[in-house]
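What follows is each chain in one-letter form.
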Amino acid sequence: ASALAQSSTATLRGKVTDASGATVAGAEVNAVSTTTGFVHTARSAANGSYLLAGLTPGPYNIVVAAPGSEPVQRELEVRVGQTVDVDFQLTNQLRVNEAITVVGNQMADTKATEIGTNVTPQQMEALPQNDRNFLNFAQLAPGITMSTDPANKTISAAGQPASQTNVFIDGVSFKNDVQPGGVAGQNSSRGNPFPQNAVQEFRVLTQNYSAQYDHASTAVITAVTKSGTNKFDGNAFYFYQPRAWVGQLPQNFRFDTAATNAEYKRSQYGVDFGGPIVKDKLHFFVAVEVLDEHAVQTVSPGTPPPGAINIPSLSQFAGTFASPFHSNLAFGKVSWEASAKQLLDFSSSYRHEKDLSGFGGVATRQSAENKKNDVYNVAARDQWTGNNTLNQASLSWQKYSWDPTALDLNTVGQNYFGIIRIGGRDTTQLWSQKRLELRDDFTKAGFTLAGQHTFQFGGNLDRLNYNVDKNLNTNPVFNYRADEHFAIPFEALYGFGNSNYKANNGEYGVYAQDNWVVNPQLNLNLGLRWDYESHMIDTSFVTPASAVTALTGKVSSNYFSNGNSRSAYKGEIQPRLGFSYDLFANSRSVVFGGAGRYYDRLYLAAGLDERFHVQYPTYRFQFSTTGCDPAITACTPGQPLLWKNSYLSRAALNQLIAQGTTRPELFLVDNETKPPYSDQWNIGYRQAFGQLVASASYNVVRGYRGFSWAPASGHCCISGGPDYGSTFISFSSKRYWYDGTYVTLERPYSSQSRWGTQISWTHAKATSNGSSDLFMFDYATPADYPHHIVEGTQRDRIVTSAIVGLPAGRRFSMIATLGTGGGVPVHDFSRGFGPGQGIPFSTLTVYPARKHGFAERNLDMRLEKSVPVAGGTSAGIVAEVFNAFNNFQGGCLNNFLPPGGDPNFGKSNCVVNLPRRYQLGVKVGF
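As the structure is a prediction and not an experimental result, all values here were calculated from the model.

Rules used in this analysis
- Residues numbered from 1 in each chain as written.
- Predicted model: local features only at pLDDT ≥ 70, side-chain atom pairs only at ≥ 80, totals over all residues.
- Heavy atoms only, no water.
- Pairing = 2+ DSSP bridges.
- Helix = DSSP H or I, 4+ residues; strand = E, 2+ residues; numbered from the N terminus.
- 1 Å grid on protein atoms, 1.4 Å probe; cavity = no way out; pocket = protein on both sides within 12 Å on 5 of 7 lines; lining within 4 Å.
- Points joined across faces, edges and corners; volume = space filled by probe spheres on them.
- Nonpolar A, V, L, I, M, F, W, Y, C, P; charged D, E, K, R; others polar.
- Salt bridge = Lys/Arg side-chain N within 4 Å of Asp/Glu carboxyl O.
- Buried < 20%, exposed > 50% of the residue type's maximum accessible area, 1.4 Å probe, protein only.
- Contact = heavy atoms within 4.5 Å.
- Axes fitted to C-alpha atoms, helices over the stretch in contact; angles between N-to-C directions.
- Disulfide = S-S within 2.5 Å.
- Core = buried A, V, L, I, M, F, W, Y, C linked by side-chain atoms within 4.5 Å.

Asks: Where do I start with the pairing of strand E19 (residues 233–242) in this structure?
Replies: For a regular strand, side-chain orientation follows a simple rule: the groups alternate between the two sheet faces. Across 10 bridges, the pairing between E19 and strand E20 (residues 265–278) is antiparallel. If you follow Tyr238 over to E20, its bridge partner there is Tyr269. Note that E19 and strand E56 (residues 917–925) share 6 bridges and pair antiparallel. Across the sheet, residue Asn235 finds its bridge partner in E56, namely Gly925.

Now the structure itself:
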């Protein structure tokens, strides 16, 4: 039934009866928001049924009136994405069907057909949170995997990449089209996607979500922002974490994060404020958050081996240098109830961050870059409500840019492997997407045919502009190695050409859905969606003629494009079916399940190597002390060149290119490349025990068309002709297999009950063929790889959260996590390295060391004390501890098994959890 609710609202539906149980026609059902005063009204039909759709999540005063009866009322609270069947009986007081599970005033959606987890406003406010990234709370849902890399905060599900997820905020898609990560702004960033103090609540959907959701083949997160109310109020906060409150790492372990260096300190602060402009009609809300992370990176050159020569003086580069991170987040919203039937929202959000990084260890301060990350969004939403009808339309504009800018592009780089890397950074980039999106969702109820039907129709029209400026190896880097005593560079990498690429894209989707109440026990959701994208891959690319001539007969003609060889895929037909069966017609014992197909897309950066290696080629030069001298004789492309110190410049390398001494690599995309998708099905059971709701489900996901690059010959190397060197071709045949059992137990926290808990257990197996990243070098095709575990996935993971209200204005909360640890596939060369002996990706798996069955054992706790101050103001202090037991889940596992074995096999030399750390904060409510 949850499929009926729109992505950012909730729905109440049911019947109105009188004291005798007879249906009441024409009863007026009003839902009055107790915070904003906005009113939603519906009238019961001839059979007593009513529909209150488009409810902004939150508390409501339900008032039911009918001719000949006194108006009666009841307070209820609904959550985002809920569709709750509530029958009202008009007696002397309003009675809610006793089969409905209510905790405090909160409704439980026991008849949902989807696998969804609500993160409530109480959880957002009370649970411990280290860095105020609201997506961290998604770990409360089963089947979700959070990135453990603090510099790359992503969320994934079903053992597939983070790029296969999507996040909607107030119904607006934040999909990242150009970079991995799934969410705009979440690639290679230690920042947060949105101010947490602006998010009211959100819902995590991991199975069987409805046809209204697009461009997500594994999981969807749909969030709702806060709005102003009839009361002026606000909050301010400040949280502080210095280095002294962060524990030490174990000896011989490493973790690349600013929080472990000597001068680390972090401040998080912000304010939000809202209230009425016109009471009951027009409200505003604004929120701002700032994150300042002061850190340093220490440059510590290695020790040159005996006999090493030509290494510059190392002491001049050693030292400790500032590596700050700064983020500004802001959100503003105006809500206007223009009439009893129309609600308008206007909102805007802003994200801007700077991250000075890219150096430390053996990399000198010269190689630093400033990673700038910006996301801007402006949206308008119109909601029109009629009798048994609802239309929600939104228009939004969004700009996302990821801009890692090198601080020094003039000093050529010199990399003495393991000793020091000097000179400026080699690459500077700008990736940008602009999205203009129109969405509309129309709901019509009141049709009766073998039950009651509520129909939904809708779609989206997105116009996107991509702008890429990718200066790859624009500053040449010369590499030196120890086996040549660092005397001369053995190679250099250098790129130049046209670094810019622009394209326009259209993303269009339509869907229809029938939410069919067959009888009081059986609900069906029948949906069909179709999506179309005009420019997922580079349709206008033309394969160089010399490459076509050289490769004809060596690779499939599907890899040759004349600019008209690629057409947009039109087959994204996605049927979706969900059902729930109320076994005893009491809304307490429900069997649910469903099946469906879900299409996603290939992000731009994955396939753009094809164009950039032609218009902005990267050249690899090889040098030796006995190589060919182009000043004396013509050198064969790729042949090692006789090293001369004069080559240590751009101008000299340009001359070598003009002499034909080297050729760039060639990348070719299959013209038949199609978007990735997944097929999903599940079956489950949900049971309400008083105010507790438990569920168990078995969930299957099969992912198709994962994208990979591989050498054209299967190993190396086929030449791309007189103008190109090694050739790489794309494959879209990587597959994923996921089988998961989810068990959950939930009791929402409420001000009446004063305690709440949520427990989720995921038991899953996630496997794949193909390599762990975009490039394959071990086998010729993804199908040649044996099925192996998806790196980092866990067989079992249990997440428990709890909130307890204590006397004297105190509140305690915690999140505890137990996991078997992320496994990695074994590179099995125990039988040798010869043909047919080694298995680069074996079916064997190595896991981190466990204690009492678990490698991951994490406990975060928070204690909060709040006291009233004069004038309705409150002040509080917050104390938090993260990883309280100082447990380290092993990472960087040694998964290489050589002939004769290795005593360090299976051991770890890094961690994927920070040490124990403390944080203090103050909060003021006004």
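Asks: I'm lost on empty space enclosed by the protein in this one. Help?
Replies: Leftover empty space is mapped by rolling, across the atoms, a probe with the size of a water molecule. Evaluation of the coordinates by the stated rule reveals 18 cavities of 30 Å³ or more. Empty space within the largest cavity amounts to approximately 490 Å³. Contributing to the lining of the largest cavity are 33 residues, with Asp109, Gly116, Arg686, Val693 and Glu746 lying nearest its centre. Those elements giving two or more residues to the lining of the largest cavity turn out to be strand E11 (106–107), strand E12 (115–119), strand E42 (692–711), strand E43 (727–747) and strand E44 (755–768). Of all the elements, E43 adds the most residues to the lining of the largest cavity, at 5 residues. Residues of the lining of the largest cavity, tallied by class, amount to 15 nonpolar, 12 polar and 6 charged.

Asks: How should I be thinking about the sheet that holds strand E17 (residues 199–207) in this particular structure?
Replies: Pairing between the strands of a sheet comes from backbone hydrogen bonds, and it takes one of two forms, parallel or antiparallel. Judged by pairing direction, the sheet is mixed, and its 5 strands sit side by side in the order E12-E17-E18-E15-E16 without closing on themselves. Two strands bound the open sheet, and with one partner strand each, they are E12 and strand E16 (172–173). When strand E15 (residues 165–169) meets E16, the two strands line up antiparallel, connected through 2 bridges. Bridged to Ile169 within E16 is Val172.

Asks: What's the story with the pattern of salt bridges in this structure? I'm lost.
Replies: Where charged atoms of side chains with opposite charge meet at close range, the side chains can pair. Tallied over the entire structure, the rule returns 42 salt bridges. We note a salt bridge from Glu28 to Arg43, for which the minimum N-O separation is 3.0 Å. Of the two residues, Glu28 is situated in strand E2 (residues 28–33) and Arg43 in strand E3 (residues 39–43); the sequence distance between them amounts to 15 residues. Exposure remark for Glu28: the relative accessible area of 24% places this residue in the partly exposed category. A relative accessible area of 40% means that Arg43 is categorised as partly exposed. Note that Lys111 and Asp582 form a salt bridge whose closest N and O atoms lie 3.8 Å from each other. Residue Lys111 is located in the loop between E11 and E12, and its partner Asp582 is located in strand E36 (residues 572–582); the two are separated by 471 residues in the primary sequence. We classify Lys111 as buried; its relative accessible area is 11%.

Asks: It is not clear to me how the sheet that holds strand E32 (residues 477–480) should be interpreted in this structure. Could you clarify?
Replies: Ordered by their spatial adjacency, 6 strands build an open sheet running E29-E28-E32-E33-E38-E39, and the pairing between neighbours is mixed. Two strands in the sheet have a free side with no partner beyond their single neighbour: strand E29 (420–422) and strand E39 (641–642). Alignment of E32 against strand E33 (residues 491–495), held across 3 bridges, turns out to be antiparallel. Along E33, the bridge assignment pairs Phe478 with Ala492. Sitting on the sheet, helix H5 (residues 650–658) is in contact with E32, E33, strand E38 (618–624) and E39, with an inclination near 95° to E38.

Asks: Can you help me understand the state of the cysteines in this one?
Replies: In total, this model carries 1 disulfide according to the counting rule given. Paired by a disulfide, Cys628 and Cys635 hold their sulfur atoms 2.0 Å apart. Because the torsion about its S-S bond is -85°, the bridge between Cys628 and Cys635 counts as left-handed. Each of the two residues, Cys628 as well as Cys635, counts as buried.

Asks: What am I meant to see in the nonpolar core here?
Replies: Nonpolar side chains in soluble globular proteins generally cluster together in the buried interior. Residues Ile144 and Phe202 are the most contacted members of the largest nonpolar core, which totals 61 residues. When neighbours within four sequence positions are excluded, Phe202 is seen to be in contact with Val80, Thr117, Asn118, Val119, Met124, Phe134, Phe137, Ala138, Ile221, Thr222 and Ala223. Tyr416, Tyr480, Trp643 and Leu653 belong to the second largest nonpolar core, which has 26 residues in total.

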